[in-house]
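Below, each chain spelled out in residue letters.
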Amino acid sequence: MTSLLPRNLSVVIRPVQYRDLDGIERLTQESFAAGSDKGSYAAIDKMQWLRSWYGLLKCLSWFPNPLKYRFCSYVAEQGRMLLGMIQVSPFNRTRSTWRIDQVMLDRAADKQGIGSQLLRHCFESILEARTWVLEVNVNDIEALALYRQNGFQRLAEMTYWEIGPELLAELAQAEPDLPNLLPVSNADAQLLYQLDTASMPPLVRQVFDRNTRDFKTSLFGVLTDAVKQWASKTEVVSGYVFEPQRKAAIGYFQVQLTRKGEAPHVATLTVHPAYTWLYPELLSQLARIAQDFPQQGLQLASSDYQPEREEYLEQIGATRIEHTLIMSRSVWHKLRESKFVSLEGIQWTEVLQGLQPARKPIPGGMSWVQQGQQPKLDRPVPSKSEPIPFSSPNFNIDSPGAAESADSQQETK
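This is a predicted model, so every value here is computed, not measured.

Chemist: Give me the lowdown on the overall build of the protein chain, citing residues and values where you can.
Modeler: Of regular secondary structure, the protein chain possesses 13 helices and 14 strands. In the protein chain, buried positions account for 36% of the 413 residues. Entry remark: accessible area of the protein chain is about 27,200 Å², with carbon and sulfur atoms responsible for 53%.

Chemist: Just give me the short version of the pattern of salt bridges, but keep the residues and values in it.
Modeler: Evaluation of the coordinates by the stated rule reveals 14 salt bridges. Residue Arg 26 is joined to Asp 106 by a salt bridge in which the shortest nitrogen-to-oxygen separation is 2.5 Å. Placement of the pair is Arg 26 in helix α2 (residues 21–34) and Asp 106 in the loop between β4 (97–105) and α4 (111–125), with a sequence separation of 80 residues. Taking relative accessible area as the criterion, Arg 26 reaches 26% and is therefore assigned partly exposed. When the shortest N-O distance is used, the salt bridge between Asp 209 and Arg 130 registers 3.1 Å. Here the residue Asp 209 occupies a position in the loop between α8 (202–208) and α9 (219–232), and Arg 130 occupies one in the loop between α4 and β5 (131–137), the gap between them amounting to 79 residues. Taking the relative accessible area as the measure of exposure, Asp 209 reaches 26% and is therefore partly exposed. Within this structure, Arg 14, Arg 19, Asp 20 and Glu 77 form a network of salt bridges that share partners.

Chemist: I'd like to hear about unusual backbone geometry, residue by residue, with values.
Modeler: The backbone of Arg 80 sits at a positive phi, close to 70°, despite the residue not being glycine. Along the chain, Arg 80 falls in the loop between β2 (72–78) and β3 (81–90). On the accessibility criterion, Arg 80 (68% relative accessible area) is exposed. Look at Arg 95: it is not a glycine, yet its phi comes out positive at around 60°. One can find Arg 95 in the loop between β3 and β4.

Chemist: Describe the state of the cysteines, with residues and values.
Modeler: This structure, assessed with the given rule, holds zero disulfides. Free cysteine: Cys 72, not disulfide-bonded; nearest cysteine sulfur from Cys 122 at 7.1 Å. Accessibility expressed as a relative area gives 12% for Cys 72, which makes it buried.

Chemist: Describe the environment of Ala 169, naming the residues involved and giving the relevant values.
Modeler: Within the element layout of this structure, Ala 169 appears in helix α6 (residues 165–172). Distance in space between the C-alpha atoms of Ala 169 and Gly 297 is 9.9 Å, their sequence separation being 128 residues.

Chemist: Let's hear about the nonpolar core: which residues, and what values?
Modeler: Ranked by internal contacts, the top residues of the largest apolar core, which has 31 residues, are Ile 163, Leu 282, Leu 283, Leu 313 and Ile 316. Apart from the residues lying within four places of it in its own chain, the contact partners of Leu 282 are Leu 178, Val 241, Phe 253, Leu 269 and Val 271. If you look at the next biggest cluster of nonpolar residues, it comprises 30 residues, including Leu 118, Leu 119, Ile 126 and Leu 144.

What counts, and where the lines are drawn
Residues numbered from 1 in each chain as written. Predicted model: local features only at pLDDT ≥ 70, side-chain atom pairs only at ≥ 80, totals over all residues. Heavy atoms only, no water. Helix = DSSP H or I, 4+ residues; strand = E, 2+ residues; numbered from the N terminus. Buried < 20%, exposed > 50% of the residue type's maximum accessible area, 1.4 Å probe, protein only. Areas by Shrake-Rupley, 256 points an atom, 1.4 Å probe, with all protein chains shown as cover. Salt bridge = Lys/Arg side-chain N within 4 Å of Asp/Glu carboxyl O. Disulfide = S-S within 2.5 Å. Core = buried A, V, L, I, M, F, W, Y, C linked by side-chain atoms within 4.5 Å. Contact = heavy atoms within 4.5 Å.

Rendered as C-alpha cells:
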C-alpha cells in the first residue's frame, strides 16, 4: 500500500481559492506587523472588499476583459497549510511586462525556498511576459536577497515624499504661471506618450515598454474608475501643459484626492527634462486644487534620474517617507521541439531548387546562343583522326603526314 504522507508534505503551487482568504489575511497581518511590505497597509483594507467581490473577480478571470487580471494570485500550500502567496498583474497594455505586486510568506516557512518556487511558477506559467518588474524597500534585506537570488537586477531608485498640510497651504498662495494647461483626453495620448518617453532613460523605457494605448482610457475603464471613486470617496484630477511652438506636452500631473480626510492625497508628476522650471508651477497648481478638500498631506515620488525634482523638494522642506528600489528581470522561454530532426537525410538538391541553374552551364565563358540552335561555322570541323593544318601569312607549318607523302611522290618519279 502506497503511503500518502510524502504527497501531503510536498509543496503545491496553485491559483487562489476562496478558502485561502483566511490564510491570506493572516499573512497580511504578519507582513503589516513586520513592516516589510510597502503595500501591506492597503492590503489589509482590501481584504473585506476582496471577500465581497471574490466571486465576481473569479468569473471575470475566465474570459478576456479589462478586469481579467484584477486579482491574479497564486499560493504555496503544504498539507492544508498556507505557506505563501504572490500577486502579479500586467504592467502595460500589451502585457509584455508584468509586475510583482506583493509576495507574502509565512514566518515559519523557508522564505527563500517557498518564495523562489512562487516566483519561478509565475515565470513559467505566464508565457506572454518577457520582463518582470517589482518595487521593494531598500531596508527589506530578506526580500532583496530573494529577488537577487532569482535574477532581479537594479533598475532605478525611488524616493517617496510628503508635503505637509501647512506647506501645502503655503504653496497654494502662489499664482501658477501655466497659460497652456489643458485637460487630458484620449486625443492627447500621443503627446503624453512622447512626454513619458523623453522623461526616462533608455533602459527604463525599454523595460516599461509602453505605447500610446497605455495613455488611453476605454469606456469600460471610465465606468470602472467612476464606480471605484464613488465607493472610496475619492476624486481624480489630471492635466498637462502644452508647448505650442514645439507642439508637444512638457508637463503632466494626476492627483487622487480623498474626501474622507483619513489618507493623504497622492500625486503623479511627469516633467520634460528641458523644462524643470515647471516643478514650482505644477506643485502650486496641485496645492490650489487640494484646497477644496480636507486638509491632508500630498505624497509624490521622485526617481534617481530626476535630480532636479529631488533638489526642489528638499528646498521647499518636503519629508522623505520611504526609499525603494525598482528591480527588473528578463525571461526567455525555451521552445520545445515535438520531434528530433536529423540533417543527414535531407537532400540539399531538393531544398535548394531555386539556386539550381535552368540548363547545363557552358564552361569557358558565356554563350549568347539560344537553347536548341546549333552554331554555324564557315569551315568544317575536323574529326579526331584528321590532321589539323596551321597556316600563317609569313610561314607555313605542315603536319608530318603531309611531308612523308611529298617524299614518296618524288621517289616514284
